[in-house]
Amino acid sequence: TWHLKKIPQIVSKRTFSLDSPKFEAKTKLELNSVCGIECQRKLPVPSLSDLKDLLSYETVFENGTRTLTEVNVLGLALDSAGNITTQRSSRKKRQIYGTDSRFSIYDKRFMTNFPFNTAVKISTGCSGILISPKHVLTAAHCLHNGKDYVKGSKRLRVGLMKTKSRGDGRKRKGAKRNGMPSFQWTRVKSTHIPKGWFKGVSGDIALDYDYAVLELKRPHKRKYMELGISPTIKMMPGSMIHFSGFDNDRSGQLVYRFCSISDESNDLFYQYCDAEPGSTGSGVYLRLKEPNKKKWKRKIIAVFSGHQWVDVNGEQQDYNVAVRITPLKYAQICFWIHGNDENCAQG
């Protein structure tokens, strides 16, 4: 069951202008030297002052201007338990773990209906998910490498799936066969990235804040997926998660997968979900029952950060990692969507 929680408040303190970004960074969908589970165990619990800094955010607008918004965090009960994790099992160094368990969605009836229609393509090569009529959730590193915005993010676009009708006219050379998705591209009006993604980039990158929200120039009329607070592994049916994206090795296909989570910290899920670059930024979701109702509901509980290499006891090991939507991140993303915290009291 989805359990409602009282959400801390994130309120804007002040906003000021920054220089326009250079937009010169290279898009890199696989990160190295990431602070992994062993590293995270040693990290101190962030103080309220740290959290205010980490949750402050940059906004880049369509015309290339940029602002920094500082925030206050109200009504937060700090957890002193630190980054608790479950026992980690050994992992092999590859992105497809054993048998490839991904499913390509070909059928138009599935592709253009909920939940698959919420998956979108980002013009920098990533995936994302619709979270409101005007907003898309994706991974921060699809837009920013920690030091600068990537080249393609200056004229960022989001591709919403559409399927060609049978009466689509003459067959063109190299045209996709009937049923394969094509995209309706929409310009991005503004981009929000938490300051936590920029912090400490010169050393180990912590993935805890690898998420971003894009505001579309025009609202869409599709069903979107609501945000949910990420439960612990024990509270998930079979510890199973689901997500769909546009993996690079299956060009033009929507790829769906479900798998169990192997490990968790306060901010991250570590799992063996089969995924190739291109699916980075996909919305990870669960299907649980609504409180006191018989209806089931899907909600986004994490953002897929992709296949990442981390240092474990001096050796490089790999994980497929997703950034959990904690109460604080829920409050921040909800604030980005609505522009106030009135609609974000319960998650």
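Scroll up to find the structure this text is about.
Residues numbered from 1 in each chain as written. Predicted model: local features only at pLDDT ≥ 70, side-chain atom pairs only at ≥ 80, totals over all residues. Heavy atoms only, no water.

Draft legend 1. Spatial organisation of the nonpolar core. Leu55, Ile131, Leu137, Val158, Tyr211 and Ile333 are the most contacted members of the largest nonpolar core, which totals 66 residues. Those residues in contact with Val158 that lie beyond four places of it in its chain are Val120, Lys121, Ile122, Val136, Gln184, Trp185, Thr186, Val188, Leu214 and Leu216. In terms of nonpolar packing, the next biggest core, distinct from the first, is built from 17 residues, Ile233, Ala275, Val284 and Ala322 among them. (Core = buried A, V, L, I, M, F, W, Y, C linked by side-chain atoms within 4.5 Å. Buried < 20%, exposed > 50% of the residue type's maximum accessible area, 1.4 Å probe, protein only. Contact = heavy atoms within 4.5 Å.)

Draft legend 2. Fine view of the side chain of Ser282. Mapped onto the elements of the fold, Ser282 is located in the loop between strand E14 (268-271) and strand E15 (283-289). Owing to a relative accessible area of 0%, Ser282 belongs among the buried residues under this scheme. A polar contact is formed between the side chain of Ser282 and the backbone oxygen of Ser244, at a distance of 3.2 Å. Among residues more than four places away in sequence, those in contact with Ser282 are Ser127, Phe243, Ser244, Gly245, Ala302, Val303 and Phe304. (Helix = DSSP H or I, 4+ residues; strand = E, 2+ residues; numbered from the N terminus. Polar contact = N/O pair within 3.5 Å; in protein donor to acceptor, adjacent residues only side chain to side chain.)

Draft legend 3. Molecular detail of the pairing of strand E13 (residues 254-264). When you tally the buried positions in E13, you get 9 out of 11 residues, the bulk of the element. As defined by bridge partners, strand E12 (residues 240-245) adjoins E13 across 6 bridges and the pair is classed as antiparallel. If you follow Gly245 over to E13, its bridge partner there is Val255. Bridge count between E13 and E14: 3 bridges; the pairing is antiparallel. Within E14, the position partnered with Ile261 by the bridge is Gln271. Where E13 folds back onto E14 in an antiparallel hairpin, the turn is made up of 3 residues. (Pairing = 2+ DSSP bridges.)

Draft legend 4. Quick peek at helix H4 (residues 327-338). Look at H4: 16 Å from first C-alpha to last across 12 residues, which is about the 16 Å you get at 1.5 Å a residue. In terms of burial, H4 is largely enclosed, as 10 of its 12 residues are buried. Among the residues trailing H4, Gly339 stands out with phi positive, at a value near 80°. (Expected span 1.5 Å × (residues − 1).)

Draft legend 5. Summary view of the state of the cysteines. This model, assessed by the stated rule, comprises 2 disulfides. With a sulfur-sulfur separation of 2.0 Å, Cys334 is cross-linked through a disulfide to Cys344. Of note, the bridge from Cys334 to Cys344 carries an S-S torsion of about -85° and is left-handed in sense. Pair noted here: Cys334 is in helix H4 and Cys344 is in the segment after H4, with a separation of 10 residues, a long-range link. Of the two residues, Cys334 and Cys344, both sit in the buried class. (Disulfide = S-S within 2.5 Å.)

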